[in-house]
Each structure stands twice: as structure tokens, then as C-alpha cells.
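Per-entry structural report
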Amino acid sequence: MDVSDVLTETYGRLPGLVRGAVDGLSPEQLRRAPATGANPVGWLVWHLTRIQDHHVADLLDAEQVWVTGGWAGRFGLPADPDDVGFGHTPEQVATVRPENAQALLDYFDAVARRTRGLLAGLRPADLDRVVDEAWDPPVTLGVRLVSVVEDDLQHVGQAAYVRGLLGAD
């Protein structure tokens with residue numbers, strides 16, 4: 001198995017996990033926080049998708065799917081490319097209002113397609129390319145890809161847990 005296959009397999013597990021976290025939830029359930037200050041399923045899945053979209057677009061030196069695909073309106077938000085949810089207050093979390101579970105799935109699927117395109121054909125040497133010099137040590141493509149999938153896996157696990165707290169299963 002080569003590096004492209006390993007990363008494709010790893011990222012390829014996310015769509016099923018995302019679907020399992022949101023499929024069948026009503027808009028109200030997607031927006032319901034399980035406790036004061038906690039994040040709802042809809043915000044968690046929006047955020048993990050925004051992180052992947054933001055970072056992969058940067059790696060491709062392209063605009064984000066969020067900005068070019070008209071997704072923001074389906075979430076009640078502006079198409080701000082810098083808003084990925086990092087540091088959101090509870091009030092900001094509440095502004096993320098997916099119209100339904102399908103909006104989350106459609107946006108995630110569009111981002112995942114782009115990510116699969118990036119991963120296809122990666123060679124081991126590609127992973128050593130520095131993609132962000134703002135850190136010490138500088139961040140390589142390999143480190144960035146691992147960081148994104150690690151963040152996504154944590155948040156999709158949280159979303160699945162919150163779904164269970166809602167009694168949706």
C-alpha cells in the first residue's frame with residue numbers, strides 16, 4: 001500500500017461516520033446542544049467540514065468549496081472563508097443553522113470529493129513539502145493532512161456521541 005492509498009483509506013472512512021452522525025436528524029435536533037455551552041451535532045459536522053475545506057483549499061491554492069459552492073445560505077451564514085468555527089462562542093455556535101441533515105451531507109461530500117482529488121497520486125516525497133512556515137517547525141503537507149483528519153475524526157466522534165445524548169438512535 002502506498003502513501004496515497006493509506007491517506008485515501010483514512011479520509012475515506014469519514015463520509016460514513018458523518019452520515020451516521022446526522023442522517024435522519026431533524027433541523028431542530030441538529031441545532032440542539034446537549035448542555036449549555038456544548039456544541040450541537042450540526043455545528044460539529046459543519047466545523048469539521050469547514051476545517052477540511054479551508055485547509056485543503058489552501059493546499060491546492062484554490063478557493064474554498066464553502067465560498068464557491070453557495071453553501072453558506074443553507075446554513076444561515078455569510079460565505080466568510082475565514083469562519084471555520086475555531087474559537088466560536090456559544091452565541092456564534094447558535095448562528096450555524098443547517099437547513100437539514102442533507103445540507104451537512106451535501107457540503108461534506110463536496111469537500112470530500114476535492115480532498116480525494118488531492119490525495120490521488122500523492123508520492124512519499126510530496127509529504128515533505130513545507131506548506132506553512134508560520135510554525136516552528138514549519139508544517140509539511142504530511143503533517144497538515146494528518147492534522148486535518150485527526151481533527152475531523154475527533155469531531156465526528158463528538159457528533160455521534162451528542163446524537164446518542166439526543167436519544168436519536
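Here the structure is shown first, and the text comes after it.
A short tour of the structure in this document, coming up. For clarity, every value in this text was computed on a predicted model and none was experimentally measured. The numbering scheme is per chain: residues are counted from 1 as the chain's sequence reads. The predicted nature of this model means local features are confined to residues of pLDDT at least 70 and side-chain atom pairs, given and counted, to a pLDDT of 80 or more, with totals for whole chains, interfaces and linings taken over all residues. With hydrogens and water set aside, each side-chain value is computed from the structure's full complement of heavy atoms.

1. Quick look at the overall build of the protein chain
Note on conventions: DSSP H or I runs of at least 4 residues are helices, E runs of at least 2 residues are strands, and numbering of each starts at the N terminus. Each helix and strand counted, the protein chain has 8 helices and 2 strands in total. Overall, the protein chain shows an N-to-C arrangement of helices and strands of α-α-α-α-α-α-α-β-β-α. At 16 Å, the protein chain has a C-alpha radius of gyration in line with the 15 Å of a compact globule built from 169 residues. Dimensions of the protein chain, computed from the C-alpha atoms along their principal axes, are close to 45 × 30 × 30 Å. Evaluated residue by residue, the protein chain yields a buried proportion of 44% over its 169 residues. The criterion used for residue contact is that any of the two residues' heavy atoms lie within 4.5 Å. Contacts in the protein chain between residues far apart in sequence, at least 24 positions, make up 71% of those at least 6 positions apart. Areas reported here follow the Shrake-Rupley algorithm with a probe of radius 1.4 Å; residue values treat only the protein chains shown as occluding. Total accessible area computed for the protein chain in this model is approximately 8500 Å², and 53% of it derives from carbon and sulfur atoms. The protein chain carries 14 positive and 25 negative side-chain charges, and their two centres are separated by 7 Å. For the radius of gyration, the atoms used are the C-alpha atoms, and the globule rule reads 2.2 Å times the number of residues raised to 0.38. Exposure categories follow from relative accessible area, calculated using a 1.4 Å probe and restricted to protein chains: below 20% of the type maximum is buried, above 50% is exposed, and the middle band is partly exposed. His is not counted, nor are the chain ends, whereas Lys and Arg count as positive and Asp and Glu as negative. Here the site of a charge means NZ on Lys, CZ on Arg, CG on Asp, or CD on Glu.

2. Here we look at the environment of Ala-79
Locating Ala-79 in the fold gives a position in the loop between helix H5 (65-68) and helix H6 (90-95). With 14 residues separating them along the chain, Ala-79 and Val-65 place their C-alpha atoms 9.9 Å apart. Setting aside residues no more than four positions away along its own chain, Ala-79 makes contact with Trp-66, Val-67 and Ala-72.

3. A closer look at the side chain of Thr-49
The topology assignment puts Thr-49 in helix H4 (residues 41-60). Excluding residues that lie within four positions of it along the chain, Thr-49 makes contacts with Tyr-107, Phe-108 and Val-111.

4. Focus on unusual backbone geometry
A cis amide bond, omega 5°, links Asp-136 with the succeeding residue Pro-137. Take Pro-137: it is sitting in the loop between strand S1 (130-132) and strand S2 (139-140). Of note, the phi angle at Asp-61 is positive, near 55°, even though the residue is not glycine. In this fold, Asp-61 is placed in the loop between H4 and H5. Judged by its relative accessible area of 76%, Asp-61 is exposed.

5. Quick notes on the environment of Thr-49
Assessed through its relative accessible area of 1%, Thr-49 is described here as buried. Throughout this description, a polar contact denotes any pair of N or O atoms lying within 3.5 Å of each other; where both atoms belong to protein, one of them has to be capable of donating a hydrogen while the other can accept it, and for residues adjacent in sequence the pair is counted only when both atoms sit in side chains. A polar contact is formed between the side chain of Thr-49 and the backbone oxygen of Val-45, at a distance of 2.8 Å.

6. Quick notes on the pattern of salt bridges
A carboxyl oxygen of Asp or Glu within 4 Å of a side-chain nitrogen of Lys or Arg is what we treat as a salt bridge. Under the criterion given, the structure shown has 8 salt bridges. When the shortest N-O distance is used, the salt bridge between Asp-106 and Arg-74 registers 3.3 Å. Taken together, the residues Asp-106 in helix H7 (residues 101-119) and Arg-74 in the loop between H5 and H6 connect sequence positions 32 residues apart. Residues participating in the shared-partner salt-bridge network are Arg-74, Glu-99 and Asp-106.

7. Let's talk about the packing of helix H2 (residues 14-22) against H7
A pair of packed helices can be characterised by two numbers: the angle between their axes and the separation between those axes. The convention used is that axes are lines fitted to C-alpha atoms, helices contributing only their stretch in contact, and that angles between N-to-C directions extend from 0 to 180 degrees. Direction vectors running N to C along H2 and H7 enclose 170°, while the axes themselves pass 10 Å from each other. The angle between H2 and H7 falls in the class roughly antiparallel. Contacts between H2 and H7 involve Leu-14, Pro-15, Val-18, Arg-19 and Val-22 from the first element and Ala-101, Leu-104, Leu-105, Phe-108 and Asp-109 from the second. Residue classes follow a fixed rule: Ala, Val, Leu, Ile, Met, Phe, Trp, Tyr, Cys and Pro count as nonpolar, while Asp, Glu, Lys and Arg count as charged, and any other residue, Gly among them, counts as polar. Taken together, the residues that form the contact of H2 with H7 break down as 8 nonpolar, no polar and 2 charged. For this classification, under 35 degrees means roughly parallel, over 145 means roughly antiparallel, 65 to 115 means roughly perpendicular, and everything else is oblique.

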